[in-house]
Amino acid sequence: MAEITCRGLTLGYENIRLVTDLNFEVNQGDYLCIVGENGSGKSTLMRTLLSLQSPLDGEIVLGDGLKATEIGYLPQQTIVQRDFPASVREIVLSGCQSKKGFHPFYSKTDKDRARENMARLDIDKLSRRCYRELSGGQQQRVLLARALCATERLLLLDEPVSGLDPRVTEEMYQLIKQLNDEGITIIMISHDIGASLKYASHILHIGGGDVFFGKKEDYLKSSAGKEYAGYDRNDL
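The notes below deal with the structure included here.

Procedures and definitions
Residues numbered from 1 in each chain as written. Predicted model: local features only at pLDDT ≥ 70, side-chain atom pairs only at ≥ 80, totals over all residues. Heavy atoms only, no water. Pairing = 2+ DSSP bridges. Helix = DSSP H or I, 4+ residues; strand = E, 2+ residues; numbered from the N terminus. Axes fitted to C-alpha atoms, helices over the stretch in contact; angles between N-to-C directions. Contact = heavy atoms within 4.5 Å. Phe/Tyr/Trp six-rings, centres within 6.5 Å; stacked < 30°, edge-to-face > 60°. Buried < 20%, exposed > 50% of the residue type's maximum accessible area, 1.4 Å probe, protein only.

1. Some details on the sheet that holds strand β6 (residues 154-158)
Strands in a sheet are paired, the pairing made by backbone hydrogen bonds, and the direction either parallel or antiparallel.
Turning to step 1, where the next piece is worked out: Ordered by their spatial adjacency, 6 strands build an open sheet running β5-β6-β7-β3-β8-β9, and the pairing between neighbours is mixed. Here the strands that pair on one side only, and so sit at the sheet edges, are β5 (71-74) and β9 (212-215). Strand-to-strand twist in this sheet, taken as the mean axis angle between neighbours without regard to direction, amounts to 15 degrees.
Turning to step 2, where the next piece is worked out: Sheet topology places β5 next to β6; 4 bridges connect them, and they run parallel. Following the sheet pairing, Gly 72 is matched in β6 by Leu 155.
Turning to step 3, where the next piece is worked out: Together, β3 (31-35), β5, β6, β7 (185-189) and β8 (202-205) form the strand contacts of helix α1 (residues 42-49), whose direction differs from that of β6 by roughly 150 degrees.

2. Re the packing of aromatic side chains
Turning to step 1, where the next piece is worked out: Counted by the stated rule, this structure contains 3 aromatic pairs.
Turning to step 2, where the next piece is worked out: Note on Phe 24 and Phe 213: the rings are 5.7 Å apart at their centroids and 45 degrees apart in plane angle, and the pair reads as tilted. Here Phe 24 is found in strand β2 (residues 16-26), whereas its partner Phe 213 is found in strand β9, with 189 residues between them in sequence.
Turning to step 3, where the next piece is worked out: For Phe 24, a relative accessible area of 5% corresponds to the buried category.
Turning to step 4, where the next piece is worked out: When its relative accessible area of 29% is taken as the criterion, Phe 213 is described as partly exposed.

3. As for the sheet that holds strand β4 (residues 57-62)
Turning to step 1, where the next piece is worked out: The sheet built from 3 strands is open, its strands ordered β2-β1-β4 with antiparallel pairing. Bordering the open sheet on either side are β2 and β4, each of which pairs with just one other strand. Recorded for the sheet is a direction-independent mean angle of 25 degrees between the axes of neighbouring strands.
Turning to step 2, where the next piece is worked out: Bridge count between strand β1 (residues 4-13) and β2: 7 bridges; the pairing is antiparallel. The partner of Cys 6 across the bridge, within β2, is Phe 24.

Following this line, the structure appears as structure tokens:
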């Protein structure tokens, strides 16, 4: 059974429709990359999946026992967020809040979970450091550890390598792939079509009048894939 099923989605704002009649599903362990031109509705779709915005039409159904509180989210960073004056430990711990309900204090389980995820992403030695003093790559690891405190099932990642240098970018991609190999479902917005075709199991292309959803091998045969990716499937 699919963890997320989208049926007949229309996305946009008021009278502006960005995407119409969008249908796709994401199963446990999938690695879905959402690609397309700027302004095509990728971030709008992400906000809709997170219930931060309602679709203009259609529905999103969570299945396979997935709860809304079991979805981790790594957003695009803004300049203000990069300068956030909190410790690494505090930010990672805040990822546990979605499961706490009306309980205002962190439990031993929450603290253990935060410690485990900091170690998992090799940032445990930074736990007392101020977030705004870290490099861009270190900050992204902190935010990924925070997202993992919310879930062991599904991660939504919005341009997780934006602004990172090539070496750190590849390290981040490897981390995400490792998490996927461990069974965590990945849904990632990306402008990096090369990395999308390298790591993803499925591609969702929206915008420009073209919508495609399916396995990446089939994407390369599609009109959208041939035009946007410019790859030959034999190059993979």
